[in-house]
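Below are the chains, spelled out letter by letter.
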Amino acid sequence: MDYSQEYKQKLVSADEAVKIIKSGDWVDYGWCNGTVDVLDQALAKRTDELKNVNLRGGILLKPLAVFAREDAGEHFTWNSWHMSGIERKLIARGCAYYSPIRYSELPRYYRESSCPDDVAMIMVAPMDKHGYFNFGPNASHLGAMCETAKHVIVEVNENMPRCLGGTECGIHISDVTYIVEGNNAPIGELGAGGPATDVDKKVAQLIVDQIPNGACLQLGIGGMPNAVGSLIAESDLKDLGVHTEMYVDAFVDIARAGKINGSKKNIDRFRQVYGFGAGTKKMYDYLDENPELMSAPVSYTNDIRSIAALDNFISINNCVDIDLFGQISSESSGIKQISGAGGQLDFVLGAYLSNGGKSFICCSSTFTDKQGVMHSRIRPTLAEGSIVTDTRANTHYVVTEYGMVNLKGLSSWQKAEAIIAQANIQNQELVNEHEIMQQAYAQANEIVELATKQAQEILDNATTEANNVKIAAMQYTDDILANLGNIITHSIEVSTNDYNTMLANLRQIDSIVSANRAELNPPVEETNTAPEGETEKLDVI
């Protein structure tokens, strides 16, 4: 079927396409290297016309045009699923916020959300002969996003690699509202952050020694995971598989070294499975039209059940800080948001459920700030406000340049001692602080026990005294009421006697009055001597 006519009908300029956006709309900007470019510039031109437009996206690889103006926050708000350095700067300006969620939950969130996108804008590869626009290395959650959006605008970029997959790796032209042909700028790149340091190499060596032939790999973002990848590429390991949230340059090096074939995978054999990819042009060229690669939604790649189904699963991720309880913070430093929850917890849990699986959280024991001051990443407790990405019950292996420790099953004190052993030897104050903490905890427990005992005694005595006071008060009140009753009864009796006496006296007086009146008015006697017709005249005294 020829889709060229439909393509022409839906093809518009970027300025024309963004006219569909209104004040108050929710607008998706795509994801990572699939974030729109010319559509962003076109929407920026309409800044003064719009208010309260909520934008969604994540892992920005370059600044957005809509936030170029200082007053951009009065018109647009950025809602990120996962922060990059660019987004941290937007937070500092007060016009961006992180939306906490496990990355694997995004597809379901979009499908069940009560607030779907009014407009979804995404950068895609050119349409194929079957009418599909490929999402590039961003299957991620974009399929679910497009399913539920009221309008979908695609920005075509010829430099977007066409990444093959299983499901939800593209959108058909029939589901597209507008097509915009972009300027075909190179898509955003994410480097490994410079060559591996000596610390990176030491950590990598400790981890690589734990990886068996036939293992299935997941690598996180950052220098250490990439250093592990480089070391694997130089090792004697073989028959490795890939099932990862994020595809990075290190996988390309491992694959080209002949270490990856996926032959030992329990599911998706011979396929390298990933949710999204961000790296350099080397990686994008490797992904393009490569049938060995399988681009899949994160609801599959990060599903604990998918991870657990793969034997000897090896998960390798970075963290920001770890405390002596074994709690891992990988997304914030205090209340400062750095990245996001991502899929780290999913892979920590899934790897432990895998037959022979292991998860490794790695970090340097220290870091140096911009002022040149050294700080320890191993802390007695996480900094106030720090987000716990992996709880102490989930953490498996922790690795620094000073060693590796398996924290599973250890008591709190064993964990603390084991973690301290991984600290930089320059941080002896941490050990001293730990010893002080032990003594303080012991003293505190004694004080708490004594205080509890004393408090119970005081409570018991107070209860007894209160009961005695209550009984005495009740008796006293009863006595008063009894006396009052006697007084009232006596008063009634006295009043009754006085009333009866007064009534008798009044009756006696009434009798005397009646008698006196009778004496003053005796009855008149009648006579018959008066002649008929005349009335006898009587003298009345």
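Quick caveat: nothing in here was measured; it's all calculated off a predicted structure.

A. A look at the overall build of the protein. Scanning the protein from N- to C-terminus turns up 15 helices and 24 strands. Its C-alpha radius of gyration of 45 Å places the protein more than 25% over the 24 Å reference for a compact globule of 541 residues. Considered along the principal axes of its C-alpha atoms, the protein spans approximately 170 × 75 × 50 Å. For the protein, buried positions account for 46% of its 541 residues. Sequence separation of 24 or more characterises 73% of the internal contacts of the protein that already satisfy a separation of 6 or more. A total accessible area of about 27,700 Å² is found for the protein, and carbon and sulfur atoms account for 53% of it.

B. Highlighting the packing of aromatic side chains. The final tally for this structure, using the stated rule, is 12 aromatic pairs. Ring centres of Y7 and F133 lie 6.3 Å apart, and the angle between their planes is 25 degrees; on these two criteria the pair is classed as stacked. Of this pair, Y7 sits in helix α1 (residues 4–10) while F133 sits in strand β6 (residues 132–134), placing them 126 residues apart in sequence. Assigned by exposure class, Y7 and F133 land together as buried. With a centroid separation of 5.9 Å and 80 degrees between ring planes, the pair formed by Y29 and W78 is classed as edge-to-face. With a gap of 49 residues between them, Y29 in the loop between β1 (26–28) and α3 (38–44) and W78 in strand β3 (residues 76–80) connect regions that are remote in the sequence. Summarising the burial analysis for this pair, Y29 and W78 share the class buried. An aromatic cluster is present here, built from W31, Y103 and F276 joined pairwise through their rings. In this structure, K408 is placed above the aromatic ring of Y352, and the distance from its NZ or CZ to the ring centre is 4.3 Å.

C. Fine view of unusual backbone geometry. Of note, C32 is a non-glycine position whose phi angle comes to about 55 degrees, a positive value. With respect to the secondary-structure elements, C32 resides in the loop between β1 and α3. Located in the positive-phi region is N312, a residue other than glycine, with phi close to 55 degrees. Looking at the secondary structure, you find N312 in the loop between α12 (304–308) and β14 (313–318). A relative accessible area of 26% means that N312 is categorised as partly exposed.

D. Structural context of the sheet that holds strand β16 (residues 328–329). Within the open sheet, the 3 strands sit side by side as β16-β15-β22. Their pairing is mixed. Because the sheet does not close on itself, it has two edges, and the strands there are β16 and β22 (378–379). Here 2 bridges tie strand β15 (residues 321–323) to β16, and the two strands are oriented antiparallel to one another. Each bridged residue has a counterpart across the sheet, and for D321 the counterpart in β16 is S329.

E. Highlighting the sheet that holds strand β13 (residues 293–295). Taken in spatial order, the 8 strands of this open sheet run β13-β12-β11-β10-β14-β19-β23-β24, and their pairing is mixed. Both outer strands of the open sheet, β13 and β24 (403–406), are each paired with one neighbouring strand and no more. The sheet shows a mean angle of 20 degrees between the axes of neighbouring strands, taken without regard to direction. Bridge count between strand β11 (residues 241–247) and strand β12 (residues 272–277): 4 bridges; the pairing is parallel.

The rules we used
Residues numbered from 1 in each chain as written. Predicted model: local features only at pLDDT ≥ 70, side-chain atom pairs only at ≥ 80, totals over all residues. Heavy atoms only, no water. Helix = DSSP H or I, 4+ residues; strand = E, 2+ residues; numbered from the N terminus. Rg over C-alpha atoms; globule rule 2.2 N^0.38 Å. Buried < 20%, exposed > 50% of the residue type's maximum accessible area, 1.4 Å probe, protein only. Contact = heavy atoms within 4.5 Å. Areas by Shrake-Rupley, 256 points an atom, 1.4 Å probe, with all protein chains shown as cover. Phe/Tyr/Trp six-rings, centres within 6.5 Å; stacked < 30°, edge-to-face > 60°. Lys NZ or Arg CZ within 6 Å of the ring centre and 35° of its normal. Pairing = 2+ DSSP bridges. Axes fitted to C-alpha atoms, helices over the stretch in contact; angles between N-to-C directions.

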